[in-house]
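Chain and residue survey
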2 protein chains.
Amino acid sequence: MPQSNYPGEFEQMVLLVLLRLEDDAYALAVLKELDRSAGRRVSRGTLYKTLDRMEAKGMVEWTTEASTPERGGHPRRLFSVTPTGVEALRASRETLVRLWSGLDVVLGDPAE
Amino acid sequence: MPQSNYPGEFEQMVLLVLLRLEDDAYALAVLKELDRSAGRRVSRGTLYKTLDRMEAKGMVEWTTEASTPERGGHPRRLFSVTPTGVEALRASRETLVRLWSGLDVVLGDPAE
DNA sequence: TGTGCGATGTAGACATTGTCTACATCGAAG
DNA sequence: CTTCGATGTAGACAATGTCTACATCGCACA
């Protein structure tokens, strides 16, 4: 069994953006929000690959849009974070917060 | 030049642990602290590889211990984070803090 | 006085994650 | 028809994460 399942740094950003977008989490919106709030600009291929891999790990899931995909092309996918994904984010944040504690002198105050 | 240099999730932990250990950052101590404060248990080889790669990127540097390496074996290396490394940590923390904001409802309070 | 032990460090291999470019699909506007 | 925009997929390759095996050097002590 493959244990040590820590989401990579980019995977974390994607998970967080998915949570932020709630019902609006389709690929292009994720791409935009990733750029806007994390300054991360990547290609669509990069995002899809990451999303697919996280699905395989049970961190995200999706439904193809049911309502009229009026605007042609492939039916778009609506992503969401699974409980497993949320748990991974929680654990990761907890660890980081603990590691940061006491280092404000050198790292500065994030609320600046 | 390849720019977009984001430290990976494990690299970040290592950098943070190095900062926490200050003058005591030699490999075995890092390994112990990584386990103790981040629950991360890895082999020595893993740590060295990571450290070497980060050195190549200018995030860490080291000096071989000058004072009597009384306890035999190879002279041990004393690691430290460079300003570049500190800056990377700062940027990373800033992004995460921003992405987490507003998500306490789903992620819970880290100060629990 | 040689043998094992502990604290170090190095090398090579391989799995996972990060990232891009090229290509394919399908309505609507020309 | 042809083009365009919004989508998604596939394949390749670079960067990161991780291990095991091996090498070095004092010291304890049989």
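Let me begin by describing the structure that accompanies this report.

Thresholds, definitions, all that
- Residues numbered from 1 in each chain as written.
- Chains lettered and ligands numbered in written order.
- Predicted model: local features only at pLDDT ≥ 70, side-chain atom pairs only at ≥ 80, totals over all residues.
- Heavy atoms only, no water.
- Contact = heavy atoms within 4.5 Å.
- Buried area = accessible area lost by both parts, 1.4 Å probe.
- Salt bridge = Lys/Arg side-chain N within 4 Å of Asp/Glu carboxyl O.
- Helix = DSSP H or I, 4+ residues; strand = E, 2+ residues; numbered from the N terminus.
- Nonpolar A, V, L, I, M, F, W, Y, C, P; charged D, E, K, R; others polar.
- Buried < 20%, exposed > 50% of the residue type's maximum accessible area, 1.4 Å probe, protein only.
- Phe/Tyr/Trp six-rings, centres within 6.5 Å; stacked < 30°, edge-to-face > 60°.
- Lys NZ or Arg CZ within 6 Å of the ring centre and 35° of its normal.
- Near = heavy atom within 4 Å.
- Polar contact = N/O pair within 3.5 Å; in protein donor to acceptor, adjacent residues only side chain to side chain.
- Expected span 1.5 Å × (residues − 1).
- Axes fitted to C-alpha atoms, helices over the stretch in contact; angles between N-to-C directions.
- Left-handed = near helix turned anticlockwise from the far one by under 90°.

Let us now look at the interface of chain A and chain B. Opposite the 33 residues of chain A that make contact, chain B presents 33 residues. Regarding the contact of chain A and chain B, the summed buried area is about 3300 Å², with carbon and sulfur atoms giving 64% of it. Counting the contacts that link chain A with chain B gives two salt bridges. Notably, a salt bridge pairs Arg93 of chain A with Asp104 of chain B, separated by 3.6 Å at the nearest N-O pair. For the side of chain A that touches chain B, the secondary structure elements donating two or more residues are α1 (9–21), α2 (27–38), α4 (83–100) and α5 (104–107) of chain A. Ranked by the residues each element gives to the side of chain A that touches chain B, the list is headed by α4 of chain A, at ten residues. Taken together, the residues that form the side of chain A that touches chain B break down as 17 nonpolar, seven polar and nine charged.

With that out of the way, let us pick up the pattern of salt bridges. Residue and element names in this part refer to chain A. Throughout the structure, instances matching the rule amount to 16 salt bridges over all chains. Between Arg77 and Asp52 there is a salt bridge, with the nearest N and O atoms lying 3.2 Å from each other. Residue Arg77 is located in strand β2 (residues 77–81), and its partner Asp52 is located in helix α3 (residues 44–56); the two are separated by 25 residues in the primary sequence. Residue Asp52 is classed as partly exposed on the basis of its relative accessible area of 35%.

Residue and element names in this part refer to chain A. Throughout the structure, instances matching the rule amount to three aromatic pairs over all chains. Both rings, one in Trp62 and one in Phe79, keep their centres 5.6 Å apart while their planes meet at 70°; by these two values the pair is edge-to-face. A residue pair is termed long-range when its members are at least 10 positions apart, and Trp62 in strand β1 (residues 60–64) and Phe79 in strand β2 qualify at 17 residues. On the basis of relative accessibility, which here comes to 1%, the residue Phe79 falls in the buried class. Sitting above the plane of the Tyr26 ring, Arg76 keeps its charged end 3.8 Å from the centroid.

Where the residue is not glycine, phi is negative for most of them; where a peptide bond is considered, it is trans in most cases. You will see that Glu22 of chain A, though not glycine, has its phi angle at about 50°, which is positive. Relative to the assigned elements, Glu22 of chain A resides in the loop between α1 and α2.

Within the structure, DNA strand C sits among 27 residues, and Thr46 and Arg53 of chain A together with Arg44, Tyr48 and Arg77 of chain B are positioned closest to it. In DNA strand C, the atoms that sit within 4 Å of the protein are 48% sugar and phosphate, with bases accounting for the remainder. In the model, a phosphate oxygen of DNA strand C is placed 2.9 Å from a nitrogen or oxygen of the Arg76 of chain B side chain. Looking at the surface near DNA strand C, its residues break down into six nonpolar, ten polar and eleven charged.

Here Thr82 of chain B is to be found in the loop between β2 (77–81) and α4 (83–100). Beyond its immediate stretch of four places on either side in the chain, Thr82 of chain B contacts Gly58, Met59, Val60 and Glu61 of chain B.

With that settled, the discussion passes to the side chain of Gln12 of chain B. Following the sequence through the fold, Gln12 of chain B ends up in helix α1 (residues 9–21). Ignoring anything within four residues of it in the chain, the contact list for Gln12 of chain B reads Glu9 and Leu96 of chain A together with Pro7, Leu89 and Ser92 of chain B.

Residue and element names in this part refer to chain B. Counted at 1.5 Å a residue, the expected span for α4 with its 18 residues is 26 Å, and the 26 Å between its end C-alpha atoms agrees. Turning to α4, its buried residues are Gly85, Val86, Ala88, Leu89, Ser92, Arg93, Thr95, Leu96, Leu99 and Trp100. Downstream of α4 by a residue or two, Gly102 has a phi angle that is positive, lying close to 90°.

Each pair of packed helices can be summarised by the angle the axes make with each other and by the distance between the axes. All names here are of chain B. At a closest axis distance of 11 Å, the pairing of α1 and α4 adopts a crossing angle of 115°. Considering how the two elements wind past one another, α1 and α4 form a crossing that is left-handed. Residue-level contacts link Gln12, Leu15, Leu16 and Leu19 of α1 to Gly85, Val86, Leu89 and Ser92 of α4.

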